[in-house]
Amino acid sequence: MSTHKVPKGDRFDWYSDIVSSEVMPARLSCERPAEFQGEAAVLDLGEIRASRFSLSPLRSRRTAPMIRRGDPEEYQLALLRKGATSLSQYRSECTIGAGDLMLWDTSRPSDNQMLTAGGQVQATILMLPRNIMPLRTQRLDQVLARRIPGMGMAAILASFMTSLEDHGAECTPEELRRLSTVAVDLAAACLAQQLDAEDQLPAEVRAQALVQRIHAFIEHNLGDPELNPSAVAARHHISVRTLHQLFHGQESTNARIRRRRLERCRADLADPALAGRRVGAIAARWGFSGPVVFSRSFREAYGVTPTEFRALSIKGFRAERSADGSPSA
(Lines give C-alpha, C1' and ligand atoms only; values in the text may rest on other atoms or scores of the structure.)
Protein backbone atom coordinates (compact mmCIF):
# COMPACT_ATOMS: atom_id res chain seq x y z
CA MET A 1 0.00 0.00 0.00
CA SER A 2 1.13 3.56 -0.63
CA THR A 3 -0.04 7.07 0.16
CA HIS A 4 1.08 8.39 -3.24
CA LYS A 5 -2.38 8.24 -4.83
CA VAL A 6 -4.12 9.71 -1.77
CA PRO A 7 -4.66 13.51 -1.57
CA LYS A 8 -1.92 15.07 0.56
CA GLY A 9 -4.23 16.33 3.26
CA ASP A 10 -5.77 12.89 3.74
CA ARG A 11 -2.64 10.72 3.66
CA PHE A 12 -1.91 10.40 7.36
CA ASP A 13 -5.53 9.70 8.35
CA TRP A 14 -5.84 7.17 5.52
CA TYR A 15 -2.66 5.40 6.57
CA SER A 16 -3.72 5.35 10.24
CA ASP A 17 -7.08 3.81 9.33
CA ILE A 18 -5.41 1.12 7.20
CA VAL A 19 -2.97 0.16 9.99
CA SER A 20 -5.70 -0.04 12.63
CA SER A 21 -8.13 -2.03 10.47
CA GLU A 22 -5.79 -4.27 8.47
CA VAL A 23 -2.77 -4.74 10.76
CA MET A 24 -3.78 -4.13 14.39
CA PRO A 25 -5.41 -1.34 16.40
CA ALA A 26 -2.88 1.39 17.20
CA ARG A 27 -2.88 5.12 17.89
CA LEU A 28 -0.63 6.87 15.39
CA SER A 29 0.50 10.47 15.65
CA CYS A 30 2.72 12.62 13.46
CA GLU A 31 4.22 16.08 13.92
CA ARG A 32 3.61 17.05 10.27
CA PRO A 33 0.58 15.02 9.08
CA ALA A 34 0.17 17.21 5.99
CA GLU A 35 3.65 16.11 4.82
CA PHE A 36 3.26 12.43 5.69
CA GLN A 37 4.28 9.77 3.17
CA GLY A 38 4.20 6.04 3.66
CA GLU A 39 4.62 2.79 1.76
CA ALA A 40 4.31 -0.79 2.92
CA ALA A 41 4.41 -4.22 1.30
CA VAL A 42 3.85 -7.67 2.79
CA LEU A 43 5.32 -10.97 1.60
CA ASP A 44 3.34 -14.03 2.69
CA LEU A 45 5.65 -16.99 3.37
CA GLY A 46 2.94 -19.30 4.69
CA GLU A 47 3.53 -19.66 8.44
CA ILE A 48 4.98 -16.17 8.76
CA ARG A 49 4.96 -12.86 6.92
CA ALA A 50 7.67 -10.36 6.10
CA SER A 51 6.84 -6.70 5.65
CA ARG A 52 8.71 -3.70 4.32
CA PHE A 53 7.95 -0.18 5.53
CA SER A 54 9.11 3.23 4.40
CA LEU A 55 7.50 6.01 6.46
CA SER A 56 7.73 9.61 7.49
CA PRO A 57 8.53 9.76 11.23
CA LEU A 58 5.56 8.93 13.44
CA ARG A 59 4.65 7.58 16.85
CA SER A 60 2.70 4.37 17.36
CA ARG A 61 1.10 3.39 20.67
CA ARG A 62 -0.77 0.24 21.64
CA THR A 63 -2.70 0.19 24.86
CA ALA A 64 -4.37 -2.69 26.70
CA PRO A 65 -7.85 -1.74 25.38
CA MET A 66 -6.48 -1.70 21.82
CA ILE A 67 -4.95 -5.15 22.33
CA ARG A 68 -8.32 -6.46 23.51
CA ARG A 69 -9.93 -5.03 20.37
CA GLY A 70 -7.51 -6.83 18.07
CA ASP A 71 -4.28 -8.77 18.44
CA PRO A 72 -2.47 -10.85 15.79
CA GLU A 73 -0.60 -12.57 18.68
CA GLU A 74 2.78 -12.16 17.07
CA TYR A 75 6.34 -11.38 17.88
CA GLN A 76 7.56 -8.77 15.43
CA LEU A 77 11.30 -8.64 14.78
CA ALA A 78 12.44 -5.51 12.97
CA LEU A 79 15.62 -4.77 11.05
CA LEU A 80 16.05 -1.02 10.71
CA ARG A 81 17.38 -0.11 7.28
CA LYS A 82 17.37 3.69 7.59
CA GLY A 83 16.75 6.27 10.31
CA ALA A 84 16.30 5.56 14.01
CA THR A 85 13.48 4.39 16.25
CA SER A 86 12.85 4.00 19.97
CA LEU A 87 10.64 1.39 21.63
CA SER A 88 9.24 1.04 25.11
CA GLN A 89 7.65 -2.25 26.18
CA TYR A 90 7.46 -4.50 29.25
CA ARG A 91 9.67 -2.47 31.59
CA SER A 92 12.35 -1.98 28.94
CA GLU A 93 13.19 0.59 26.32
CA CYS A 94 15.79 1.04 23.61
CA THR A 95 16.78 3.20 20.66
CA ILE A 96 18.19 1.57 17.55
CA GLY A 97 19.81 2.78 14.35
CA ALA A 98 20.36 1.42 10.86
CA GLY A 99 21.62 -2.18 10.94
CA ASP A 100 20.22 -2.92 14.40
CA LEU A 101 17.31 -5.22 15.23
CA MET A 102 14.68 -5.21 17.98
CA LEU A 103 11.77 -7.38 19.07
CA TRP A 104 8.31 -6.54 20.36
CA ASP A 105 5.19 -8.49 21.32
CA THR A 106 1.85 -7.41 19.85
CA SER A 107 0.10 -8.80 22.95
CA ARG A 108 1.73 -6.26 25.27
CA PRO A 109 1.29 -2.47 25.43
CA SER A 110 4.02 -0.59 23.57
CA ASP A 111 5.17 2.87 22.55
CA ASN A 112 7.22 3.17 19.35
CA GLN A 113 8.70 6.48 18.21
CA MET A 114 10.28 6.69 14.74
CA LEU A 115 13.02 9.28 14.34
CA THR A 116 15.07 10.62 11.47
CA ALA A 117 17.15 13.71 10.74
CA GLY A 118 15.45 13.95 7.37
CA GLY A 119 13.62 11.72 4.90
CA GLN A 120 11.97 8.46 5.90
CA VAL A 121 12.45 5.58 8.27
CA GLN A 122 12.84 2.23 6.51
CA ALA A 123 12.51 -1.19 8.11
CA THR A 124 12.01 -4.86 7.30
CA ILE A 125 9.90 -6.79 9.81
CA LEU A 126 9.39 -10.51 10.37
CA MET A 127 5.92 -11.25 11.77
CA LEU A 128 6.27 -14.43 13.80
CA PRO A 129 3.22 -16.13 15.37
CA ARG A 130 3.85 -16.68 19.07
CA ASN A 131 3.02 -20.39 18.86
CA ILE A 132 5.80 -21.23 16.38
CA MET A 133 8.70 -19.77 18.35
CA PRO A 134 10.79 -22.53 19.99
CA LEU A 135 11.75 -20.35 22.98
CA ARG A 136 9.51 -19.95 26.02
CA THR A 137 7.55 -16.70 26.43
CA GLN A 138 9.25 -16.00 29.76
CA ARG A 139 12.66 -16.05 28.07
CA LEU A 140 11.57 -13.93 25.12
CA ASP A 141 10.15 -11.33 27.52
CA GLN A 142 13.76 -10.62 28.49
CA VAL A 143 14.72 -9.44 25.02
CA LEU A 144 11.67 -7.26 24.29
CA ALA A 145 12.57 -3.63 23.50
CA ARG A 146 16.28 -4.37 23.63
CA ARG A 147 18.75 -3.20 20.99
CA ILE A 148 20.19 -6.17 19.10
CA PRO A 149 23.37 -5.00 17.30
CA GLY A 150 23.85 -6.40 13.81
CA MET A 151 26.74 -8.69 14.75
CA GLY A 152 27.22 -12.46 14.85
CA MET A 153 23.97 -14.36 14.39
CA ALA A 154 22.09 -11.06 14.16
CA ALA A 155 24.20 -10.06 11.14
CA ILE A 156 23.36 -13.34 9.41
CA LEU A 157 19.66 -12.84 10.15
CA ALA A 158 19.85 -9.24 8.90
CA SER A 159 21.47 -10.39 5.64
CA PHE A 160 18.74 -13.00 5.20
CA MET A 161 15.99 -10.42 5.83
CA THR A 162 17.55 -8.02 3.32
CA SER A 163 17.73 -10.75 0.66
CA LEU A 164 14.14 -11.72 1.43
CA GLU A 165 13.01 -8.14 0.88
CA ASP A 166 15.03 -7.77 -2.33
CA HIS A 167 14.26 -11.15 -3.95
CA GLY A 168 11.33 -12.77 -2.11
CA ALA A 169 8.81 -11.71 -4.74
CA GLU A 170 10.72 -13.80 -7.31
CA CYS A 171 10.27 -17.06 -5.33
CA THR A 172 7.71 -19.80 -5.91
CA PRO A 173 5.18 -20.68 -3.16
CA GLU A 174 7.20 -23.81 -2.32
CA GLU A 175 10.42 -21.78 -2.04
CA LEU A 176 8.65 -19.26 0.20
CA ARG A 177 7.51 -22.06 2.52
CA ARG A 178 11.11 -23.27 2.83
CA LEU A 179 12.26 -19.70 3.46
CA SER A 180 9.65 -19.41 6.21
CA THR A 181 11.30 -22.30 8.07
CA VAL A 182 14.74 -20.74 7.62
CA ALA A 183 13.45 -17.37 8.85
CA VAL A 184 11.97 -18.84 12.04
CA ASP A 185 15.12 -20.84 12.76
CA LEU A 186 17.41 -17.86 12.22
CA ALA A 187 15.21 -15.56 14.31
CA ALA A 188 15.14 -18.14 17.13
CA ALA A 189 18.92 -18.61 16.95
CA CYS A 190 19.51 -14.84 17.01
CA LEU A 191 17.25 -14.34 20.04
CA ALA A 192 18.68 -17.39 21.81
CA GLN A 193 22.17 -15.96 21.36
CA GLN A 194 21.04 -12.73 23.00
CA LEU A 195 19.67 -14.76 25.92
CA ASP A 196 22.64 -17.14 26.09
CA ALA A 197 20.11 -19.94 25.59
CA GLU A 198 21.27 -21.71 22.43
CA ASP A 199 21.14 -25.04 24.27
CA GLN A 200 17.38 -24.64 24.64
CA LEU A 201 16.79 -24.70 20.89
CA PRO A 202 15.70 -27.90 19.11
CA ALA A 203 18.52 -29.73 17.31
CA GLU A 204 17.10 -28.94 13.86
CA VAL A 205 17.03 -25.20 14.66
CA ARG A 206 20.65 -25.27 15.81
CA ALA A 207 21.59 -27.16 12.63
CA GLN A 208 19.86 -24.60 10.40
CA ALA A 209 21.59 -21.76 12.20
CA LEU A 210 24.95 -23.51 11.74
CA VAL A 211 24.27 -23.94 8.02
CA GLN A 212 23.62 -20.22 7.67
CA ARG A 213 26.76 -19.35 9.65
CA ILE A 214 28.77 -21.59 7.31
CA HIS A 215 27.23 -19.93 4.26
CA ALA A 216 28.15 -16.49 5.64
CA PHE A 217 31.70 -17.65 6.43
CA ILE A 218 32.14 -18.96 2.89
CA GLU A 219 30.79 -15.71 1.42
CA HIS A 220 33.23 -13.58 3.40
CA ASN A 221 36.26 -15.76 2.60
CA LEU A 222 35.86 -16.56 -1.10
CA GLY A 223 39.09 -14.73 -1.88
CA ASP A 224 41.14 -17.04 0.34
CA PRO A 225 42.72 -19.74 -1.87
CA GLU A 226 42.95 -21.98 1.23
CA LEU A 227 39.16 -21.99 1.68
CA ASN A 228 38.05 -25.63 1.48
CA PRO A 229 35.85 -28.06 3.48
CA SER A 230 38.65 -28.72 5.99
CA ALA A 231 39.07 -25.00 6.68
CA VAL A 232 35.31 -24.50 6.97
CA ALA A 233 34.96 -27.43 9.36
CA ALA A 234 37.87 -26.29 11.53
CA ARG A 235 36.50 -22.74 11.77
CA HIS A 236 33.18 -24.07 13.05
CA HIS A 237 34.69 -26.67 15.39
CA ILE A 238 33.22 -29.68 13.62
CA SER A 239 34.72 -32.57 11.65
CA VAL A 240 34.70 -32.70 7.85
CA ARG A 241 32.43 -35.73 8.13
CA THR A 242 29.93 -33.74 10.23
CA LEU A 243 30.14 -30.93 7.69
CA HIS A 244 29.24 -33.33 4.87
CA GLN A 245 26.38 -34.77 6.94
CA LEU A 246 25.08 -31.28 7.64
CA PHE A 247 24.76 -30.62 3.91
CA HIS A 248 23.52 -34.09 2.96
CA GLY A 249 20.99 -33.74 0.15
CA GLN A 250 22.08 -30.16 -0.50
CA GLU A 251 24.83 -28.52 -2.53
CA SER A 252 28.17 -29.68 -1.12
CA THR A 253 30.57 -27.23 0.49
CA ASN A 254 33.10 -27.64 -2.33
CA ALA A 255 30.41 -27.06 -4.95
CA ARG A 256 29.13 -23.96 -3.17
CA ILE A 257 32.61 -22.45 -2.89
CA ARG A 258 33.27 -23.11 -6.57
CA ARG A 259 29.88 -21.75 -7.69
CA ARG A 260 30.10 -18.56 -5.65
CA ARG A 261 33.68 -17.90 -6.81
CA LEU A 262 32.60 -18.30 -10.43
CA GLU A 263 29.59 -16.02 -9.89
CA ARG A 264 31.77 -13.31 -8.37
CA CYS A 265 34.26 -13.61 -11.24
CA ARG A 266 31.45 -13.48 -13.78
CA ALA A 267 30.10 -10.28 -12.20
CA ASP A 268 33.55 -8.66 -12.28
CA LEU A 269 34.12 -9.66 -15.91
CA ALA A 270 30.78 -8.10 -16.87
CA ASP A 271 31.58 -4.83 -15.06
CA PRO A 272 32.77 -2.15 -17.54
CA ALA A 273 34.55 -0.37 -14.68
CA LEU A 274 36.87 -3.40 -14.37
CA ALA A 275 37.54 -3.80 -18.10
CA GLY A 276 41.20 -2.89 -17.59
CA ARG A 277 41.79 -5.54 -14.94
CA ARG A 278 43.47 -8.73 -16.14
CA VAL A 279 41.39 -11.90 -16.17
CA GLY A 280 44.05 -13.63 -14.08
CA ALA A 281 43.85 -10.88 -11.46
CA ILE A 282 40.08 -11.30 -11.19
CA ALA A 283 40.47 -15.06 -10.81
CA ALA A 284 43.06 -14.59 -8.07
CA ARG A 285 40.86 -12.02 -6.31
CA TRP A 286 38.20 -14.68 -5.81
CA GLY A 287 40.49 -17.49 -4.72
CA PHE A 288 41.26 -19.46 -7.89
CA SER A 289 44.69 -21.10 -7.75
CA GLY A 290 45.65 -20.26 -11.34
CA PRO A 291 44.34 -19.00 -14.71
CA VAL A 292 44.20 -22.48 -16.29
CA VAL A 293 42.00 -23.91 -13.54
CA PHE A 294 39.80 -20.80 -13.63
CA SER A 295 39.40 -20.76 -17.42
CA ARG A 296 38.45 -24.45 -17.50
CA SER A 297 35.97 -24.07 -14.63
CA PHE A 298 34.43 -20.96 -16.16
CA ARG A 299 33.95 -22.60 -19.56
CA GLU A 300 32.37 -25.69 -17.96
CA ALA A 301 29.92 -23.47 -16.05
CA TYR A 302 29.03 -20.89 -18.71
CA GLY A 303 29.95 -22.40 -22.08
CA VAL A 304 32.45 -19.67 -23.04
CA THR A 305 35.93 -18.66 -21.89
CA PRO A 306 36.32 -15.75 -19.48
CA THR A 307 37.81 -13.61 -22.25
CA GLU A 308 34.92 -14.38 -24.61
CA PHE A 309 32.37 -13.64 -21.90
CA ARG A 310 34.00 -10.30 -21.10
CA ALA A 311 34.03 -9.28 -24.78
CA LEU A 312 30.34 -10.19 -25.18
CA SER A 313 29.41 -8.32 -22.00
CA ILE A 314 31.25 -5.15 -22.99
CA LYS A 315 29.77 -5.29 -26.49
CA GLY A 316 26.28 -5.62 -25.01
CA PHE A 317 26.92 -2.75 -22.59
CA ARG A 318 28.10 -0.46 -25.39
CA ALA A 319 25.11 -1.36 -27.57
CA GLU A 320 22.76 -0.58 -24.69
CA ARG A 321 24.45 2.76 -24.03
CA SER A 322 24.31 3.63 -27.70
CA ALA A 323 20.60 2.77 -27.89
CA ASP A 324 19.67 5.10 -25.04
CA GLY A 325 21.88 7.90 -26.34
CA SER A 326 24.50 7.72 -23.59
CA PRO A 327 28.18 8.11 -24.51
CA SER A 328 30.05 4.79 -24.66
CA ALA A 329 32.52 4.05 -21.84
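Reading the values: rules and limits
- Residues numbered from 1 in each chain as written.
- Predicted model: local features only at pLDDT ≥ 70, side-chain atom pairs only at ≥ 80, totals over all residues.
- Heavy atoms only, no water.
- Pairing = 2+ DSSP bridges.
- Helix = DSSP H or I, 4+ residues; strand = E, 2+ residues; numbered from the N terminus.
- Axes fitted to C-alpha atoms, helices over the stretch in contact; angles between N-to-C directions.
- Contact = heavy atoms within 4.5 Å.
- Core = buried A, V, L, I, M, F, W, Y, C linked by side-chain atoms within 4.5 Å.
- Buried < 20%, exposed > 50% of the residue type's maximum accessible area, 1.4 Å probe, protein only.
- Expected span 1.5 Å × (residues − 1).
- Parallel < 35°, antiparallel > 145°, perpendicular 65-115°, else oblique.
- Nonpolar A, V, L, I, M, F, W, Y, C, P; charged D, E, K, R; others polar.
- Salt bridge = Lys/Arg side-chain N within 4 Å of Asp/Glu carboxyl O.

For the rest of this paragraph, the subject is the sheet that holds strand β3 (residues 49-55). The sheet built from five strands is open, its strands ordered β2-β3-β10-β5-β8 with antiparallel pairing. Only two strands of the sheet have a single neighbouring strand rather than two, namely β2 (38-44) and β8 (101-105). Within the sheet, the average angular offset between the axes of one strand and its neighbour, ignoring direction, is 20°. Direction of pairing for β3 relative to strand β10 (residues 121-129): antiparallel, over a ladder of seven bridges. Within the sheet, the bridge partner assigned to Arg52 lies in β10 and is Thr124. Against the sheet, helix α4 (residues 153-167) contacts β2, β3, β5 (74-82), β8 and β10, and its axis sits at roughly 85° relative to β5. Along the sheet face, helix α5 (residues 173-195) touches β2, β5, β8 and β10 and points at about 95° away from the line of β10.

Moving on: the nonpolar core. If you look at the biggest cluster of nonpolar residues, it comprises 41 residues, and the most contacted ones within it are Leu77, Leu101, Leu126, Leu128 and Leu191. Counting only elements with at least two residues in this core, the list comes to β5, β8, β10, α4, α5 and α6 (203-220). The greatest single-element share of this core, amounting to twelve residues, is contributed by α5. Residues in contact with Leu126, not counting those within four places in the same chain, are Ile48, Arg49, Ala50, Tyr75, Gln76, Leu77, Leu157, Met161, Leu164 and Ala183. Ala26, Leu58, Leu80 and Met102 belong to the second largest nonpolar core, which has 24 residues in total.

Read across the sheet, five strands follow the order β1-β4-β9-β6-β7 without closing on themselves; strand pairing throughout is antiparallel. Lying at the two open borders of the sheet, with one neighbouring strand each, are β1 (27-29) and β7 (92-97). On average, each strand axis in the sheet is inclined to that of its neighbour by 10°, with strand direction left out of account. Sheet topology note: the strand β6 (residues 84-89)/β7 ladder contains six bridges and is antiparallel. From the neighbouring strand, Thr85 faces β7, where its bridge partner is Ile96.

Within an α-helix, residues lying three or four positions from one another point in the same direction, as the helix has 3.6 residues per turn. With 15 residues, α4 extends 21 Å from end C-alpha to end C-alpha; this agrees with the ideal 21 Å at 1.5 Å per step. Along α4, the residues that are buried comprise Met153, Ala154, Ile156, Leu157, Ala158, Phe160, Met161 and Leu164.

The subject of this paragraph is the packing of α5 against α6. Where α5 meets α6, the closest approach of the two axes is 9 Å, and the angle between their N-to-C directions is 90°. By the angle between their directions, the pair α5 and α6 is classed as roughly perpendicular. Along the contact surface, α5 presents Val182, Asp185, Leu186, Ala188 and Ala189, while α6 presents Glu204, Val205, Gln208, Ala209 and Gln212. Split by residue class, the contact of α5 with α6 holds six nonpolar, two polar and two charged.

We note that Tyr90 has phi near 50°; this positive angle belongs to a residue other than glycine. As for its placement among the helices and strands, Tyr90 is situated in the loop between β6 and β7. We note that Arg91 has phi near 65°; this positive angle belongs to a residue other than glycine.

Scanning all chains against the criterion turns up 19 salt bridges. Residues Arg62 and Asp71 are paired through a salt bridge, measuring 3.7 Å at the closest nitrogen-oxygen approach. Judged by relative accessible area, which is 3%, Arg62 ranks as buried. Put simply, Arg177 and Glu174 hold a salt bridge, and the shortest N to O gap is 2.8 Å. Taken together, the residues Arg177 and Glu174, both in helix α5 and three residues apart, mark about one turn of the helix. Residue classification places Arg177 among the partly exposed positions, given a relative accessible area of 45%. Here Glu174 falls in the partly exposed class, since its relative accessible area comes to 39%. One salt-bridge network, held together by shared partners, links Glu219, Glu251, Arg256, Arg259, Arg260, Glu263 and Arg264.

Take Gly287: it is sitting in the loop between α10 (279-285) and α11 (291-302). Spatially, the C-alpha atoms of Gly287 and Glu39 are 42 Å apart, while their sequence positions differ by 248 residues.

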